[in-house]
Amino acid sequence: MKRMTAIVLFFTMLSGSTLFYPHLCRKNLLYAKPVVSNLTTDRPAHYAPDDTAHTSDTGSNSTDSDKSSDSASKNAEQTADKSQKVNKKENANGMPALSISAPSVLLMEAETGTILYQKNEHDSRPPASVTKIMTLNLIFDAIDKKQIALTDEVTVSESAAAMGGSQVFLEAGEIQTVETLIKCISVASANDACVAMAEHICGSEEEFVSQMNQKAAELGMKDTHFANCCGLEADGHVTSAYDIALMSRELIIKHPQIHDYCTIWMENIIHNTRRGAQEFGLANTNKLLKQYPYATGLKTGYTSVAKFCISATAEKDGIKLIAAIMAAPDKNKRTQDAQTLLNYGFTACRVYKDENPPKLPVLTVKQGSADHVPLVYETKMSYVSTTGEDLSQITKKIKLPKSAAAPVKKGDVAGKVAYYLGDKKLGHVNILYAESVEHAAFIDYFIILFKKLFFL
C-alpha cells in the first residue's frame, strides 16, 4: 500500500512539476558573489562551502676540443659546493657585478623561465653549432607526433654527405637510424647528420629551416633568423643569448630525454656502407661535462666569426639552470663564464614547488546528467626567489564557485588556487574539470526521482 501511494505521488508530480522542465525555472536559480576565507597558515587547506563560493586558504605544505683533468673537475666541484655569499654589488643594469668575459650572456631558471642574470642578451650574433638546439627540438617534436621513430632508418643523401665543418663522415647511400643520428648531432655536433635528419623529416633542408623559423616565432625568439640547420656561417643566420635560452628551455622541459644523449661522453657508431661495416668514435664537444659537477648539457658552438658559444645546462638540488653564452674569446673563457653564471645561479636561486597542493572537492553540477564533477589541477606551482624570502610563509587560496551549470567540458577552467607571500601574489594554478557532464535529459530526471522515491 505504501509503495502504491509512492507511485501515485510520482505520477502526480510528473504531470505538474517543473522539475522535468529545468529551462522554465532557470530564472529562479540563485548566484552569489564569491568570498575568500582567511585561515591561518598552520591550518590545513580545506573545502568550506558557503552560500556563494568555495574558498580555502592554507600555508605552505664545429667541434670544440680541450683537455680536461681530474684536478680541474675537483676544483670546480669545490667552488660550486661552497656556500658563497651573493655579490651584492650591481652593475649599471642592476645585475650582480659578475666577472664575465663574453659580450652577450643570459642565465635562466629553467622550470619557470625566470631570468637571473643578463648582459646584452638581445644582441643578435651568429650562434655556430648552438643552432642545433632548434634542429633537435624539431626532431623530438616529430617523434612526439609519431611522424618518425627512433628506430626508423634514414638514407644519407649526397647533399648531406657533402656537408663541411664538424661531421661524422656519413657517406651517400649510408643508412643510419634516427637515434644514431641524434647521437651524432648531440655528441659530435655533426653537420652531415643534421642535414640527413632535416631531409628525412621535411624532404629538404630548406623546408626544415622554414619550420625552424616558424618554431622560433612560436617561442617568441624575436632576435633570431635561421639560414641552415647546422650553424655554418651564412648571411642573416643569427640569434641572441635570450633566444638561445628560450629554445634550450623548450628542449629540456618538453623533451627531457635529450639529456640521455647530450651527456654521452664517448660512444662508437658503425658506418654501414658499400665497403662494409666500419667503427667510428664519437667524442662530446662539451668539455663542461667533465669540468663542472652539475652539468647536464647542452650544446657548444664555434666558428671564427661566432667565436666560442654554449648553452650550458646544469641541475643541483632540484634547481635547473640554463646559461647561454655567445662570442666568448676562447674556450677556456667560455668555460669560466659558464661556471661563474651557474655558481651564481645556484647560490642566489631558491625554487618553491608545491608538491602537496590542497585536496580538491567534487563540484555540484546543476541541471546535469550527473550531480557532481571531479576537479584536477592543471599543473604544479613553481616560484623562483632570488631575494632570500621565507618561502615557508607562502599561503594558498582556493577559489571555486559553489556549483557549475551543465554542460561542463573536461579540461575547462573551473577555478584556481592562488599563491601569496604576505600581500604579494606569486602566481596561480588553474583548477580544471576532470570529466565532462552533459545537460540532463528527461530520462536523467526520471531516473533521479525514481531513485529518491524508492530509496535506491
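Residues numbered from 1 in each chain as written. Predicted model: local features only at pLDDT ≥ 70, side-chain atom pairs only at ≥ 80, totals over all residues. Heavy atoms only, no water.

Caption draft 1: Quick peek at the overall build of the chain. For the chain, the count of helices and strands is twelve helices and 19 strands. Buried positions account for 47% of the 456 residues belonging to the chain. Here the chain displays about 22500 Å² of accessible surface, and carbon together with sulfur accounts for 51% of that area. (Helix = DSSP H or I, 4+ residues; strand = E, 2+ residues; numbered from the N terminus. Buried < 20%, exposed > 50% of the residue type's maximum accessible area, 1.4 Å probe, protein only. Areas by Shrake-Rupley, 256 points an atom, 1.4 Å probe, with all protein chains shown as cover.)

Caption draft 2: Region of interest: the nonpolar core. Counting 63 residues, the largest nonpolar core has Ile 139 and Met 197 as its most contacted members. Elements represented by at least two residues in this core include exactly strand S2 (104-109), helix H3 (132-144), helix H5 (178-188), helix H6 (191-202), helix H7 (205-218), helix H8 (241-254), helix H9 (258-262) and strand S10 (319-328). Those residues in contact with Met 197 that sit more than four places away from it in its chain are Ile 139, Ile 148, Val 154, Val 178, Leu 181 and Ile 185. (Core = buried A, V, L, I, M, F, W, Y, C linked by side-chain atoms within 4.5 Å. Contact = heavy atoms within 4.5 Å.)

Caption draft 3: Just the sheet that holds S10, in detail. The sheet built from five strands is open, its strands ordered S3-S2-S10-S9-S8 with antiparallel pairing. The outermost strands of the open sheet, each flanked by one partner alone, are strand S3 (115-119) and strand S8 (295-303). Here the average twist between neighbouring strands, direction ignored, is 5°. Relative to strand S9 (residues 307-316), S8 is paired through eight bridges, and the arrangement is antiparallel. By the bridge assignment for S9, Tyr 302 is matched with Phe 308. Its contacts with the sheet put H8 on S2, S3, S8, S9 and S10, and the angle it makes with S10 is roughly 140°. (Pairing = 2+ DSSP bridges. Axes fitted to C-alpha atoms, helices over the stretch in contact; angles between N-to-C directions.)

Caption draft 4: Structural detail: unusual backbone geometry. Here the residue pair Gly 297 and Leu 298 is connected by a cis peptide bond, since its omega of 15° sits within 30 degrees of zero. With respect to the element layout, Leu 298 can be found in strand S8. Look at Asn 120: it is not a glycine, yet its phi comes out positive at around 45°. Examined against the element boundaries, Asn 120 turns out to sit in the loop between S3 and H3. Positive phi is not limited to glycine here, since Phe 169 has a value of about 60°. Within the secondary structure layout, Phe 169 lies in the loop between helix H4 (158-161) and strand S5 (175-177).

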